[in-house]
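Residues per chain are reported as follows:
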Amino acid sequence: MKQEYYFRLKQLSVGYNGRSIIKDININVRKGEIVTLIGPNGAGKSTILKSISRQLARIEGEVILEDRDILKHSFKELSSRMAVVLTEKMQPELMTCHDVIATGRYPYTGRLGRLTLNDEQKVDEAIRAVHAEELGTRDFNAISDGQRQRVLLARAICQEPDIILLDEPTSFLDVRYKLELLSILKKMAKEKGITVIMSLHEIDLAMKISDKICCVKGDHIARYGRPEEVFDEPTIRELYEIDNGFFDPTFGSIELPRPESEEKVFVIAGGGCGIPVYRKLQKAGQAFVTGILWSNDLDHHLARHLASEVIEEKLFEPISEEKIREALEKMKACSRVIYAGTPIGSMNAGLKQLVDQARKDGKLEI
């Protein structure tokens, strides 16, 4: 039986002071899915998250958790089901990191707010989950921004929520902790069925961790779907208005514009060996031609963005005499020929002719 949607935004409009900035948001999320909002700065990603969490009054529409609008949940009930980690900096007075994390248990405490032994165990488990054991006794206001992110995530974890909202949770983290935090979220989603909705600037990470991607642009949602449906070059170019480079969906990377120069270099490449050469030439502003490549070659995916011209062979066919002649003709017009060290076998045996001719012409660089 098809799984029912767990969390839904229906014809939601969000904004400030009764004025909509994003209209007609329709998103369906299943339990345990990770949904990531992407888009340029100021697009309204934070506004959507604040409206979902009732920190900002919605303009129109519904936000439905299971089968009830969240406005029908009491704040106490909602706080036990939804955890929120936003970008605004907390500045609690005289609170250790342990104290801040422990506030995540308050929806479950009695009127006096005292933590039971079970609550303390939940706090300790959350601290271990984010590897923040060394921060427990430290003043929350005296730690780095990256450490604060880990502490606030621990607070959200010990709330034991059904859904967690995060606004740019990786912003202040170095690479190690970015990967660690996203791994924690993925584990929570897949093992505990916790639904995660967050915004990210790092679109390469969003590609790798998300079940669904929501593209926020202007006054509307530009696109919503699986990463493989959303992350294509035209969509990302339009979303971020990229006019000075390229988005490569294969590598999930943003590439600078292809180099331009009157003099050209020929790169004999294939099997991924050409990539470091292409990048070096691009940094130097040196235009280049490359080949002979198949369209499924790693080198081809980058070359199509950076090279002035790519000489291609048909998939699963040995390099033909026709393509060798074409490559030799292009080599004549180039001042240098760089052999990237691609291993030569039966399918690409024709590359040896290119290497031998470049050596004979005194143009070969290895």
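Scroll up to find the structure.
The following refers to the structure shown.

What counts and what doesn't
Residues numbered from 1 in each chain as written. Predicted model: local features only at pLDDT ≥ 70, side-chain atom pairs only at ≥ 80, totals over all residues. Heavy atoms only, no water. Core = buried A, V, L, I, M, F, W, Y, C linked by side-chain atoms within 4.5 Å. Buried < 20%, exposed > 50% of the residue type's maximum accessible area, 1.4 Å probe, protein only. Contact = heavy atoms within 4.5 Å. Helix = DSSP H or I, 4+ residues; strand = E, 2+ residues; numbered from the N terminus. Arc of directions from axis to C-beta. Expected span 1.5 Å × (residues − 1). 1 Å grid on protein atoms, 1.4 Å probe; cavity = no way out; pocket = protein on both sides within 12 Å on 5 of 7 lines; lining within 4 Å. Points joined across faces, edges and corners; volume = space filled by probe spheres on them.

Once that is clear, we can look at the nonpolar core. Ile38, Leu153, Ile164, Leu185 and Met198 are the most contacted members of the largest nonpolar core, which has 49 residues in total. Ignoring any residue separated from it by four or fewer positions in sequence, one finds Ile164 in contact with Ala83, Leu153, Ala156, Met188, Ile194, Thr195, Val196 and Ile197. Listed in part, the 28 residues of the second largest apolar core include Phe7, Ile22, Ile27 and Ile197.

Our focus in this paragraph is helix H13 (residues 351-360). Along H13, the positions that sit buried rather than exposed are Leu351, Leu354, Val355 and Ala358. For H13, the angular spread of the buried residues around the axis is 95°, confining them to a single face. Against strand S13 (264-268), strand S14 (287-294), helix H12 (321-332), strand S16 (336-339) and strand S17 (364-365) lie the buried residues of H13. Positive backbone phi, at 75°, marks Gly362, one or two positions downstream of H13.

With that settled, the discussion passes to helix H6 (residues 175-192). Compared with the 26 Å implied by 1.5 Å per residue over 18 residues, the 25 Å span of H6 between its first and last C-alpha is a close match. Listed in full, the buried residues belonging to H6 are Tyr177, Lys178, Glu180, Leu181, Leu182, Ile184, Leu185, Met188 and Ala189. The inward-facing, buried residues of H6 contact strand S3 (34-38), helix H4 (117-129), helix H5 (145-158), strand S7 (163-167), strand S8 (195-199) and helix H7 (203-209). Positioned one or two residues after H6, Gly193 has a phi angle of 70°, which is positive.

For the rest of this paragraph, the subject is the environment of Phe75. Here Phe75 shows up in helix H2 (residues 75-81). Measuring from C-alpha to C-alpha, the distance between Phe75 and Pro107 comes to 9.3 Å, with 32 residues separating the pair along the chain.

The next point concerns the layout of surface pockets. A volume near 370 Å³ is recorded for the largest pocket. Around the largest pocket, the lining is made up of 14 residues, and of these Glu125, Ala129, Ile157, Met188 and Lys192 lie nearest the centre. Looking at the lining of the largest pocket, the elements with two or more residues in it are H4, H5 and H6. The leading source of residues in the lining of the largest pocket is H6, at five residues.

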